[in-house]
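Results of the structural survey
Spelled out, the chains give:
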Amino acid sequence: MNAHFDTLNQKIEPLREQIIQHALYQEINNLSDLQIFMKYHVFAVWDFMSLLKSLQQHLTYVHVPWMPTKNKETRRFINEIVVGEESDFDANGKTMSHFEMYLQAMQSMGANTQEMGRFIELISNQVPIEEALDACMINPETKAFVRFTFSIIQRGKIHEIASVFTFGREDLIPEMFIEMVKELKANHQSALDDFLFYLERHIEVDGEDHGPLSLKLMDEVCEGDPTKWEEATQVAEEALRMRINLWDGVVRKASTLLHGI
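Note that this is a predicted model, so its numbers are computed, not measured. (Residues numbered from 1 in each chain as written. Predicted model: local features only at pLDDT ≥ 70, side-chain atom pairs only at ≥ 80, totals over all residues. Heavy atoms only, no water.)

**A look at the overall build of the protein chain**
The cut-off we apply is this: Secondary structure counts use DSSP, requiring at least four H or I residues in a row for a helix and at least two E residues in a row for a strand, with both numbered from the N terminus. For the exposure calls, accessible area comes from a 1.4 Å probe over protein chains only, and a residue counts as buried if that area is under 20% of its type's maximum, exposed if over 50%, partly exposed in between. Throughout, a contact is declared for two residues whenever any of their heavy atoms are within 4.5 Å. Per-residue and other accessible areas were derived by the Shrake-Rupley procedure at a 1.4 Å probe size, with only the shown protein chains allowed to occlude residues. In summary, the charge assignment counts Lys and Arg as positive and Asp and Glu as negative, without counting His or the chain termini. Positions of charges follow a simple convention, taking NZ of Lys, CZ of Arg, CG of Asp or CD of Glu.
Across its full length, the protein chain holds 12 helices and two strands. The linear arrangement of helices and strands in the protein chain, starting from the amino end, is α-α-α-α-β-β-α-α-α-α-α-α-α-α. Each of the three principal axes of the protein chain carries a C-alpha extent, and together these read 55 × 40 × 35 Å. Across the 261 residues in the protein chain, those meeting the buried criterion constitute 50%. Pairs at least 24 residues apart make up 73% of the contacts formed inside the protein chain by residues separated by at least 6 positions. For the protein chain, the computed accessible surface area is about 12000 Å², with 50% contributed by carbon and sulfur atoms. Of note, the protein chain has its 24 positive side-chain charges centred 4 Å away from the centre of its 41 negative side-chain charges.

And the structure:
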């Protein structure tokens, strides 16, 4: 890539390593642990779509009358990811978003979808994100994670949104989830089939396609501007810290509920 990209990678590598080596992956070794994890993680699955749709609004033309945008490759890349995330196929060939796929996996294993259902109902009725989060019985780390995502979206700087998307989500997902897949396969239960499909689908799509393309996206939106690269680096670091905080919160909640700590 370039020197800016190398600098960014060097700064975020210790945080990436903390996430990949996080104790969470060792904590989740049975169905009850996984149910707790999914109750909170589903909010990160949901707000990822808002990051993606924000990029689509900025980098493609979604208004009428339509006009061609400046960069044809970026336009195609974003639209391809939207199709893959919003209209993928589940294990039975049924079309659904990855968010809906995740909810289906939660339902298959008896995980609590009530709070996410409450949240979706509230925002569909035009309740502001902040109020909808406050109305949900979820831990503060999950609320902080979603609030950070929307603070970046609302700031409206494309290079910051792309950085959180690339380094806090797309580029990270394959390495982050492969650890969990290993643990789950070692303790396989039929109730986990839908979730294993979801994880393996993410590893396949994000690792082989979306991840590498999102790195090209960063190069384009930063336009060689040192200030944009610095801001992109700062929000990438913050996004990874928010992920660590989210994982810490899940581990604390699991310990409290399952072990009486």
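**Considerations on a nonpolar patch on the surface**
Heads up, the condition is: Without a salt bridge and with relative accessible area above 30%, a residue can belong to a patch; like charges are then joined within 9 Å and nonpolar side chains (Val, Leu, Ile, Met, Phe, Trp, Tyr) within 5 Å. Salt bridges are defined as contacts in which a side-chain nitrogen from Lys or Arg sits within 4 Å of a carboxyl oxygen from Asp or Glu.
A surface patch of nonpolar side chains, amounting to about 340 Å² of accessible area, comprises Tyr61, Trp66 and Met67. Tracing the backbone shows Met67 in the loop between helix H3 (31–59) and helix H4 (72–86). Residue classification places Met67 among the partly exposed residues on the basis of a relative accessible area of 48%.

**Looking at the nonpolar core**
Inclusion rule: By nonpolar core is meant a set of buried Ala, Val, Leu, Ile, Met, Phe, Trp, Tyr and Cys residues that side-chain atoms within 4.5 Å join together.
Counting residues in hydrophobic clusters, the biggest one holds 82 residues, and the most contacted among them are Phe37, Phe119 and Phe195. Top contributing element to this core by residue count: H3, with 16 residues. Setting aside residues up to four positions removed in sequence, Phe119 forms contacts with Phe43, Trp46, Ile129, Ala132, Leu133 and Cys136.

**Digging into the layout of surface pockets**
Selection rule: Residues are called lining when one of their atoms sits within 4 Å of a cavity or pocket point, these points coming from a 1 Å grid over the protein atoms alone, where a cavity is a set in which a 1.4 Å probe fits but cannot get out and a pocket is an open set with protein on both sides within 12 Å along at least five of seven lines. Grid points are joined across faces, edges and corners, and a volume is the space filled by probe spheres set on the points. Gly falls in the polar group here, along with every residue not listed as nonpolar (Ala, Val, Leu, Ile, Met, Phe, Trp, Tyr, Cys, Pro) or charged (Asp, Glu, Lys, Arg).
Each pocket or cavity is described by its volume, and for the largest pocket that value is around 280 Å³. As for the largest pocket, its lining consists of 13 residues, of which Leu59, Lys70, Glu220, Val221 and Glu223 are closest to the centre. Listed by contribution, the elements that provide at least two residues to the lining of the largest pocket are H3, helix H9 (158–170) and helix H11 (193–222). Considered class by class, the residues forming the lining of the largest pocket number three nonpolar, five polar and five charged.

**So, H3**
Here is the rule we go by: Here the expected span of a helix is defined as 1.5 Å times the quantity of residues minus one. Think of it this way: the bend at a residue is just the angle between two axes, each fitted to seven residues, one set ending at that residue and the other starting at it.
Relative to the 42 Å expected for 29 residues at 1.5 Å per residue, H3 spans 41 Å between its end C-alpha atoms, a close match to the ideal helical length. Within H3, the axis deviates most sharply at Tyr40, by approximately 35°. The buried fraction of H3 amounts to 22 of the 29 residues, a majority that puts the element mostly inside the structure.

**Details of the packing of aromatic side chains**
What counts is decided by this rule: Here the aromatic set is Phe, Tyr and Trp, taking the six-membered ring for Trp, and pairing holds for ring centres within 6.5 Å; pairs whose planes are under 30 degrees apart are stacked, those over 60 apart are edge-to-face, and all others are tilted. Working rule: Lys NZ or Arg CZ, within 6 Å of ring centre, within 35 degrees of ring normal, means a charge sits over the ring.
All chains considered together, the criterion is met by nine aromatic pairs. On the basis of an interplanar angle of 10° and a centroid distance of 6.2 Å, the ring pair of Phe195 and Tyr198 is categorised as stacked. Here Phe195 and its partner Tyr198 are both found in helix H11, three residues apart, which amounts to about one turn of the helix. Given a relative accessible area of 2%, Tyr198 falls into the buried group. What links up through ring pairs into an aromatic cluster is the set Phe43, Trp46, Phe119 and Phe150. One cation-aromatic arrangement involves Arg243 over Trp247; the distance from NZ or CZ to the ring centre is 5.1 Å.

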